[in-house]
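# Survey of secondary and tertiary structure
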Amino acid sequence: MRISSTISVQARSTLVPCFVAALGLSGCSNGHDAVTAPSGPSFTARPCSVTGTLQLSSAGAARVDCANGGTTVTLAGNGASYLVVPQFAVSLVPNTSVSYQLRSGTAVAASLAPSANLATMNVEAAMAAAGIPSASPGTNQRIFDRALRARAGSKVASGAWRAGVSTGAAASRSVIAAQSAIAPPPAVGSIRGFRVLADTSGTTFKTVTAQLAYAGNNVLIYIDTLAPANGFTSSQLQAFGALFDQTLYPIDTAAFGPPSDVDQNNRVIMLMTPAVNALTPSKDCAAKGFVAGFFDEEDLGGGPLDPNSNQGEIFYSIVPDPAGASSCVHTSADVGFTVPGTFMHELQHLISFSQHVLVHNGNPEYGWLDEGMSIVAEELGSLYYEQKCPGTACRTNPAQIFPDSSQGFIADFLFDSYAYALHPDTASVTLHSDDQGGFAWRGGDWLLVRWLGDQTANAAYKRLEQSSLTGVANIEAATGQSFPTLFSNFGLALYTDSLPGLPRATAPAANRFITRNLRQLWARLFVTSGGSADIPLAFPIQVASITTDSSAHSMVPGTMSFFRIDTPSNAASVSVEFATPTGTALSAALHPQLAIFRLPSGQ
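Residues numbered from 1 in each chain as written. Predicted model: local features only at pLDDT ≥ 70, side-chain atom pairs only at ≥ 80, totals over all residues. Heavy atoms only, no water.

## Some points on the packing of helix α11 (residues 413-422) against helix α12 (residues 440-455)
Helix packing geometry: the angle between the two helix axes and the distance between the axes. The contact between α11 and α12 brings their axes to 7 Å, and the two run at 100°. It follows that α11 is roughly perpendicular to α12 by the angle criterion. Along the contact surface, α11 presents Phe413, Asp416, Ser417, Ala419 and Tyr420, while α12 presents Ala440, Arg442, Gly443, Gly444, Trp446 and Leu447. For the contact of α11 with α12, the per-class residue count stands at six nonpolar, three polar and two charged. (Axes fitted to C-alpha atoms, helices over the stretch in contact; angles between N-to-C directions. Helix = DSSP H or I, 4+ residues; strand = E, 2+ residues; numbered from the N terminus. Parallel < 35°, antiparallel > 145°, perpendicular 65-115°, else oblique. Contact = heavy atoms within 4.5 Å. Nonpolar A, V, L, I, M, F, W, Y, C, P; charged D, E, K, R; others polar.)

## Comments concerning helix α9 (residues 367-388)
If you check α9, its first and last C-alpha atoms are 32 Å apart, about what 22 residues at 1.5 Å a residue would give, namely 32 Å. Counted residue by residue, α9 has 19 buried out of 22 residues, so it is predominantly covered. (Expected span 1.5 Å × (residues − 1). Buried < 20%, exposed > 50% of the residue type's maximum accessible area, 1.4 Å probe, protein only.)

## Observations regarding the nonpolar core
Among the nonpolar cores identified, the biggest contains 120 residues, and Phe294, Phe490 and Leu494 are the most heavily contacted of them. Here the element with the most residues in this core is helix α8 (residues 332-359); it accounts for ten residues. Setting aside anything within four residues of it in sequence, one finds Leu494 in contact with Tyr420, Leu447, Phe513, Leu518, Trp522, Phe539, Ile541, Met560 and Phe562. Counting 34 residues, the second-largest nonpolar core is a separate cluster that includes Cys48, Val50, Ala80 and Ile565. (Core = buried A, V, L, I, M, F, W, Y, C linked by side-chain atoms within 4.5 Å.)

## Points about the environment of Val339
In this structure, Val339 sits in helix α8. The sequence separation of Val339 and Gly293 amounts to 46 residues, and the corresponding C-alpha distance is 6.9 Å. Excluding its chain neighbours within four sequence positions, the residues that come into contact with Val339 are Phe240, Phe244, Met270, Ala292, Phe315, Ser317 and Ile318.

## Quick notes on the sheet that holds strand β13 (residues 268-272)
Taking strand neighbours across the sheet as the criterion, the six strands line up as β10-β11-β12-β13-β15-β14 in an open arrangement whose pairing is mixed. Two strands lie at the open edges of the sheet, namely β10 (191-197) and β14 (293-295), each paired on one side alone. If you compare each strand with its neighbour and ignore which way they point, the axes differ by 35° on average. Bridging between strand β12 (residues 219-224) and β13 involves five bridges; their strand directions are parallel. The residue bridging Val219 from the neighbouring strand is Val268, located in β13. (Pairing = 2+ DSSP bridges.)

## Topic: the pattern of salt bridges
Enumeration according to the criterion identifies 16 salt bridges in this entry. With a closest N to O distance of 2.6 Å, Glu297 and Arg149 form a salt bridge. Taken together, the residues span a long stretch of sequence, with Glu297 in the loop between β14 and α7 (298-301) and Arg149 in helix α2 (residues 139-158) at a distance of 148 residues. Each member of the pair Glu297 and Arg149 is classed as buried. (Salt bridge = Lys/Arg side-chain N within 4 Å of Asp/Glu carboxyl O.)

## What to know about the packing of helix α14 (residues 471-479) against helix α15 (residues 483-496)
It is the contact of α14 with α15, at a shortest axis distance of 9 Å, that shows an interaxial angle of 85°. Here α15 runs roughly perpendicular to α14, going by the angle between their axes. Judged by residue contacts, Val472, Ile475, Glu476 and Thr479 of α14 engage Phe483, Pro484 and Leu486 from α15. Of the residues assigned to the contact of α14 with α15, the class counts are five nonpolar, one polar and one charged.

## What about the packing of aromatic side chains?
Note on aromatic pairs: each is described by the distance of the centres and the angle between the planes. Following the criterion strictly, the structure yields 20 aromatic pairs and no others. Aromatic side chains Trp451 and Phe490 sit 6.1 Å apart centroid to centroid with 55° between the ring planes, which places their arrangement in the tilted category. Of the two residues, Trp451 is situated in helix α12 and Phe490 in helix α15; the sequence distance between them amounts to 39 residues. Judged by its relative accessible area of 0%, Phe490 falls in the buried class. Site record: aromatic cluster; members linked through ring pairs are Phe232, Phe240, Phe244, Phe315 and Phe343. The side chain of Arg519 reaches across the aromatic face of Tyr495, ending 4.9 Å from its centre. Above the face of the Phe539 ring, Arg519 is positioned so that its terminal group lies 3.9 Å from the ring centre. (Phe/Tyr/Trp six-rings, centres within 6.5 Å; stacked < 30°, edge-to-face > 60°. Lys NZ or Arg CZ within 6 Å of the ring centre and 35° of its normal.)

## With respect to the pairing of strand β20 (residues 592-598)
For β20, the buried fraction is high: six of the seven residues fall into the buried class. Pairing between strand β6 (residues 61-65) and β20: five bridges, direction antiparallel. Paired with Ala62 across the two strands is Ile596, which belongs to β20. Bridging between strand β8 (residues 81-88) and β20 involves seven bridges; their strand directions are antiparallel. Bridge pairing in β20 places Pro86 opposite Leu594.

## Points about the state of the cysteines
Here the structure, examined in full by the defined rule, presents three disulfides. One disulfide bridge connects Cys285 with Cys328, the sulfur atoms lying 2.0 Å from each other. Its S-S torsion of about -90° marks the bond between Cys285 and Cys328 as left-handed, since a negative value means left-handed. Within this pair, whereas Cys285 is found in helix α6 (residues 285-288), its partner Cys328 is found in the loop between β15 (314-317) and α8, the two being separated by 43 residues in sequence. Shown here is the disulfide that connects Cys389 with Cys394, its sulfur atoms set 2.1 Å apart. Across the disulfide from Cys389 to Cys394, rotation about the S-S bond amounts to roughly -70°, and the bridge is consequently left-handed. Of the residues examined, Cys394 reaches a relative accessible area of 41% and is grouped as partly exposed. (Disulfide = S-S within 2.5 Å.)

## Overview of unusual backbone geometry
For residues that are not glycine, phi is negative in most cases, and the peptide bond is trans in most cases. Here Asn230, not a glycine, exhibits a phi torsion of approximately 65°, which is positive. On the secondary structure map, Asn230 appears in the loop between β12 and α4 (234-256). Its identity is not glycine, yet Asn458 carries a phi of approximately 70°, on the positive side. Residue classification places Asn458 among the partly exposed positions, given a relative accessible area of 29%.

Have a look at this one:
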């Protein structure tokens, strides 16, 4: 019997080219035999991409593609245990729940209870329980960010911005630098005007006059002449500027590549103005957080005739406002804690938009991938300080997960990832966008983008930026692998990386992270939360057993669920059906597939 070429099986696995029915009955299948077992259900054998018995060695992994109209796969038995992860590895389909069933044709004992029905995690409450400082921007930052990304996508799609872009001025700053030495900056103390968004709807602007306070090789910092008194001291401002110019900007651009250089000054401008403070109503500060800073695509896409475009690469930031004259109270220390991580996040958005739209004449990156990249940008800031302060160093409380200097960068991505792991079948990593709310999907996209970086020594990041492609097509081009294959390995890695009691290298390299040990981080989060109801488990991924139960489950496209099957010791093989609740094949448009990992003994 021919083995389908669409199966992707890692090196330590082999396929037996003959369908072995449940309870040890052998013989070759014609693809339509009934799979029957005493006290178990019968279902028609319609093989997915594996037409024989799938043989995996311990810790071996495989992807079984069910987009061919197939519904079944047969696994070698004799007491073997498997992690089975059904997935819909797809994007650009309706974001609606899809019902399915996953059952065995053999009566097997359930070793795990069904997944608990856990409530949605309150990220802010979880952060407070774990002792993370509350000065992070929070919900209002996310709301404003997603409004700006949605606005930019609409403007580019309509052609309103693309037509005004000057191709010559959009040249990447690495090209400009190669052509000539870095141009001297304007004189410190010089004054210039800016047009700044004055509302969160993106429709009202105001003119701001600002003075150049810091001039570096990469970053120019302008401060609004109407900024409140008692802000940064001169020495604080120089240290603040040096951090952005000599540390944060190089970290971002080393990972993601350069932004455009529309104004041809070979630098990014940072404008600190109370106009940003005022974007947040004072009544929202405690409950919803605040807008700490942003990147406005209109500065790059609006074109020379747009009166509200500053025609340059600009990051807008709050200023210290210790009296709360404009809105929330922000001390200099608060600004120093919050703005650096926001800068790294927004600089990635700036690089992505400028490279995709201006340099490569494409469309803005899809929100789910763009946001995942920006969260990784924040994480890179955290990693910088984590490496400087390993173990328990630089921590006010030795039990805290991250050093003090890291806290402003990690924001809430770790908590979002925990929320995602609690509900991986509802938080789609490919269908959400930055114009939608929610926390868990951001955690999922951080994990996906982090895993992609780990698999490519971070080389995928620049490839993803410097492209006219978007979404899944962009990921496939950047990695040279199909998205279903990547999604299969990523899904397994969430569970198989650092299996308890085993060397981390037990799982194949494709099924592990490198930069982060999620089991350790989530376990530490569980401990430091002190029993918070929002962090109920040391390991949030819940695994249900595959039995003869034909109850319907559901998943959203771009998600996955986690199951386990423990085969009987007296059965040579066990068949599993992945189908609609009526037993028919799932739509090929969903890219239905099973990621399968043979669990080592004792797991």
